[in-house]
Amino acid sequence: MKQTEKTLVLLKPCTVKRNLIGEIISVFERKGLRVVGLKMMQLTDEVLSEHYSHLADKPFFQRVKDSMMVTPVVAICLEGVSAVDVVRTITGPTNGRTNCVPGTIRGMYSMSYQENIVHASDSRENADKELRRFFNDNEIFDFPRELFEVFYASDEF
């Protein structure tokens, strides 16, 4: 039996500006992932410097940070069996223009490498770190999973 896991998704400013918040969240919910944390927040240079520290030596580092501060973002904690991998699959490759897969979020909504609709944690370890960065403990909820038997076989969770 697999345990459920949690992962982070950030709906980027391009998503907020395009009024796609509900539509993108519904893609994850229709798949069977459960929203257990949700908030809108304005990101700061400090938070983004930490979040994107792996890009600090790249020439586009400041541009990425600036882009993420244009409007608030929507931070989402999603839960499900293999949630990190499921979200990464649904999201699709980073480059929404040339590497997009039809049916993925980026394949349907993105024409850009940077303005690519969402950030999604790329590993369970990073999901744990990123969730702590964007959510306090009291902002992620645990409540009955009534619909899990609809989305999973009984021995899958």
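Everything below is about the structure printed above this text.
Residue numbers here run from 1 along each chain, matching the order of that chain's written sequence. Per-residue local features of the predicted model are confined to residues with pLDDT of at least 70, and side-chain atom pairs are confined, for both listing and counting, to 80 or more; whole-chain, interface and lining totals are unaffected and use all residues. Side-chain figures throughout are based on the complete set of non-hydrogen atoms in the structure, without hydrogens or water.

Colleague: Just checking my understanding: could you explain the overall build of the protein for this structure?
Modeller: The number of helices and strands found in the protein is 8 helices and 4 strands. We count a stretch as a helix when DSSP gives it H or I for four or more residues in a row; a strand needs E for two or more, and each element gets its number in order from the N terminus. The secondary structure elements of the protein, listed N-terminal to C-terminal, are β-α-α-β-α-α-β-α-α-β-α-α. It is over C-alpha atoms that the radius of gyration is taken, and the globule rule equals 2.2 Å times the number of residues to the power 0.38. Taken over the C-alpha trace, the protein has a radius of gyration of 15 Å; the compact-globule value for 157 residues is 15 Å, and the two agree within 12%. Every residue pair with non-hydrogen atoms within 4.5 Å of one another is taken to be in contact. Long-range pairs, those at least 24 residues apart, make up 77% of the contacts in the protein between residues at least 6 apart in sequence. Carbon and sulfur atoms make up 52% of the accessible area of the protein, which amounts to about 8500 Å² in all. Note that His is not counted, nor are the chain ends; the positive residues are Lys and Arg, and the negative ones are Asp and Glu. Where a charge sits is defined by one atom per residue type, namely NZ (Lys), CZ (Arg), CG (Asp) or CD (Glu). Both charge centroids of the protein, one from 20 positive and one from 22 negative side chains, sit 6 Å from each other. Only the protein chains shown count as cover for residues, with accessible areas throughout obtained via the Shrake-Rupley method and a probe of 1.4 Å.

Colleague: Would you mind showing me how to read the packing of aromatic side chains here?
Modeller: The geometry of two aromatic rings is summed up by the distance between their centres and the angle between their planes. Only rings of Phe, Tyr and Trp enter the pairing, Trp through its six-membered ring, and a pair is recorded when the two centres are within 6.5 Å. The plane angle decides the type: under 30 degrees is stacked, over 60 is edge-to-face, the rest tilted. Counted under the stated rule, the structure contains 1 aromatic pair. Ring centres of Phe148 and Tyr152 lie 5.2 Å apart, and the angle between their planes is 65°; this geometry places the pair in the edge-to-face category. For the pair Phe148 and Tyr152, a shared accessibility class is recorded, and that class is buried. For the cation-ring pair, Lys39 lies above Phe135, with the distance from its terminal atom to the ring centre recorded as 5.3 Å. A simple rule labels every residue: compare its accessible area, found with a 1.4 Å probe on the protein chains alone, to the largest value its type can have, and call it buried under 20%, exposed over 50%, or partly exposed in between. In our convention, an over-ring charge means Lys NZ or Arg CZ found within 6 Å of a ring centre and within 35 degrees of that ring's normal.

Colleague: Looking at this structure, how should I read helix H7 (residues 124-134)?
Modeller: In an α-helix, one full turn covers 3.6 residues, which means residues spaced three or four apart are oriented alike. Along H7, the residues that are buried comprise Ala127, Glu130, Leu131 and Phe134. The arc that holds the buried residues of H7, viewed along the axis, is 105°, so those residues lie on one side. Exposed side of H7, more than 90 degrees from the buried face: Glu125 and Arg132 are the residues found there. In this structure, the buried side of H7 is in contact with strand S1 (4-11), strand S2 (34-41), helix H3 (45-51), strand S3 (73-81), helix H5 (83-91) and strand S4 (118-120). Our arc is simply the arc of the directions from the helix axis toward the C-beta atoms.

Colleague: What is the right way to read the state of the cysteines from this model?
Modeller: Disulfides are covalent bonds that link the sulfur atoms of two cysteine residues. Two cysteine sulfurs form a disulfide in these notes if their separation is within 2.5 Å. Per the stated rule, a full pass over the model turns up 0 disulfides. In this model Cys100 remains outside any disulfide bridge; the closest cysteine sulfur is found in Cys14, 14 Å from its own.

Colleague: What is the right way to read a nonpolar patch on the surface from this model?
Modeller: A patch consists of residues whose relative accessible area exceeds 30% and which take part in no salt bridge; residues with like charges are grouped when within 9 Å of each other, and nonpolar side chains (Val, Leu, Ile, Met, Phe, Trp, Tyr) when within 5 Å. We define a salt bridge as a contact between a side-chain nitrogen of Lys or Arg and a carboxyl oxygen of Asp or Glu at a distance within 4 Å. Residues Leu147, Val150 and Phe151 make up a contiguous nonpolar surface patch of about 310 Å² in total accessible area. Owing to a relative accessible area of 38%, Phe151 belongs among the partly exposed residues under this scheme.

Colleague: Where do I start with H5 in this structure?
Modeller: Ala83, Val84, Val87, Ile90 and Thr91 are the residues of H5 that are buried. Down the axis, H5 shows its buried residues gathered within 135° of arc, on one side only. Away from the buried face of H5 by more than 90 degrees, exposed residues Asp85 and Thr89 are located. On its buried face, H5 sits against S1, helix H2 (21-31), S3, helix H6 (105-109), S4 and H7.

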